[in-house]
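Reading the structure
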Amino acid sequence: MSGILAGKKGLIVGVANNRSIAYGIAKACKVQGADLAFTFLNESLEKRVRPIAEEFGAKERVYELDVGKEEHFNALFNAIKKDLGGLDFIVHSVAFAPKDALEGEFIQTSKQAFNTAMEISVYSLIELSRTMLPLLNPNAAILTLTYLGSVKYVTNYNVMGVAKAALESSVRYLAYDLGKQG
Ligand SMILES: NC(=O)c1ccc[n+]([C@@H]2O[C@H](COP(=O)([O-])OP(=O)(O)OC[C@H]3O[C@@H](n4cnc5c(N)ncnc54)[C@H](O)[C@@H]3O)[C@@H](O)[C@H]2O)c1
């Protein structure tokens, strides 16, 4: 396989179906020759993600990851270590906030919705980066996805805008820590 990602191994976190942005990213990476692995959130999404992994030649590399569950990170680390040995890139394409926090007034955001949005959409990047760090090959890359609602008011984006601002800031702090290691 030729292409700018030939011989590179990538973990794609955040495919729910073939309309997910992560699906498009995976497709572009595959075209460029990458070997991929995928995660799915839960049993109902597993049914959709497995055929997608098969489409990308990654049938044997599909793992469960609910980023709210610490034990899933450890299991993922062990599985990736065993099956792939190392990683050249990770795509973090994960976000969630309770539906009622994504409508109406931002001032009504509950503490629970705020914490959930931050945990699933922001802390997950930190935990994923830290867990996978020992498996990252030299010059590896970690990618995450943000939106304009982090820096500007966007109707109904609400707590997700705050989460994206925190995500962007997390990228800068992670870059400082991880840049030193290449
Ligand atoms: N759709 C857009 O217009 C848009 C614009 C800018 C940025 N983004 C960002 O792109 C990323 C992907 O969004 P998308 O539009 O492809 O939607 P999507 O619903 O296809 O992807 C979101 C993914 O997050 C996963 N997820 C949610 N909770 C999880 C958890 N607890 N553990 C593990 N995974 C969990 C879902 O399973 C899903 O695969 C998100 O970060 C989103 O904020 C989307």
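Look up a bit, the structure's there.
Residues numbered from 1 in each chain as written. Predicted model: local features only at pLDDT ≥ 70, side-chain atom pairs only at ≥ 80, totals over all residues. Heavy atoms only, no water.

**Quick notes on the packing of helix α4 (residues 111-132) against helix α5 (residues 158-179)**
Relative orientation of the contacting elements α4 and α5 amounts to 20°, with a least axis distance of 9 Å. Judged by the angle between their axes, α4 and α5 are roughly parallel. When the axes of α4 and α5 are compared, the crossing they make is right-handed. Touching Phe 114, Ala 117, Met 118, Ser 121, Val 122, Leu 125, Ile 126 and Ser 129 of α4 are Val 159, Met 160, Val 162, Ala 163, Ala 166, Leu 167, Ser 170, Val 171, Leu 174 and Leu 178, all from α5. Of the residues assigned to the contact of α4 with α5, the class counts are 15 nonpolar, three polar and no charged. (Axes fitted to C-alpha atoms, helices over the stretch in contact; angles between N-to-C directions. Helix = DSSP H or I, 4+ residues; strand = E, 2+ residues; numbered from the N terminus. Parallel < 35°, antiparallel > 145°, perpendicular 65-115°, else oblique. Left-handed = near helix turned anticlockwise from the far one by under 90°. Contact = heavy atoms within 4.5 Å. Nonpolar A, V, L, I, M, F, W, Y, C, P; charged D, E, K, R; others polar.)

**Some words on the packing of aromatic side chains**
Enumeration over the complete set of coordinates arrives at three aromatic pairs. Geometrically, the ring pair formed by Tyr 23 and Phe 56 is tilted, given 5.5 Å between the ring centres and 50° between the ring planes. With Tyr 23 in helix α1 (residues 21-31) and Phe 56 in the loop between α2 (43-55) and β3 (62-64), this residue pair connects regions lying 33 residues apart in the sequence. The exposure class assigned to Phe 56 is buried, which follows from its relative accessible area of 4%. (Phe/Tyr/Trp six-rings, centres within 6.5 Å; stacked < 30°, edge-to-face > 60°. Buried < 20%, exposed > 50% of the residue type's maximum accessible area, 1.4 Å probe, protein only.)

**Things to note about the site of the ligand**
Around the ligand, the structure places 19 residues, and the nearest of them are Gly 14, Ser 20, Ile 21, Val 67 and Lys 164. Between the ligand and Gly 14 there is a distance of 2.9 Å, counted from an oxygen atom to a backbone nitrogen or oxygen. Compared with its free state, where it exposes 820 Å², the ligand has 72% of that area covered by protein. Cavity membership is defined here by more than half of the atoms lying within 2 Å of grid points; on that basis the ligand lies in the largest pocket. The class makeup of the residues in the shell around the ligand is 13 nonpolar, four polar and two charged. (Near = heavy atom within 4 Å. Polar contact = N/O pair within 3.5 Å; in protein donor to acceptor, adjacent residues only side chain to side chain. Areas by Shrake-Rupley, 256 points an atom, 1.4 Å probe, with all protein chains shown as cover. 1 Å grid on protein atoms, 1.4 Å probe; cavity = no way out; pocket = protein on both sides within 12 Å on 5 of 7 lines; lining within 4 Å. Sits in = over half its atoms within 2 Å of the grid points.)

By themselves, these observations are geometric and do not establish any function.
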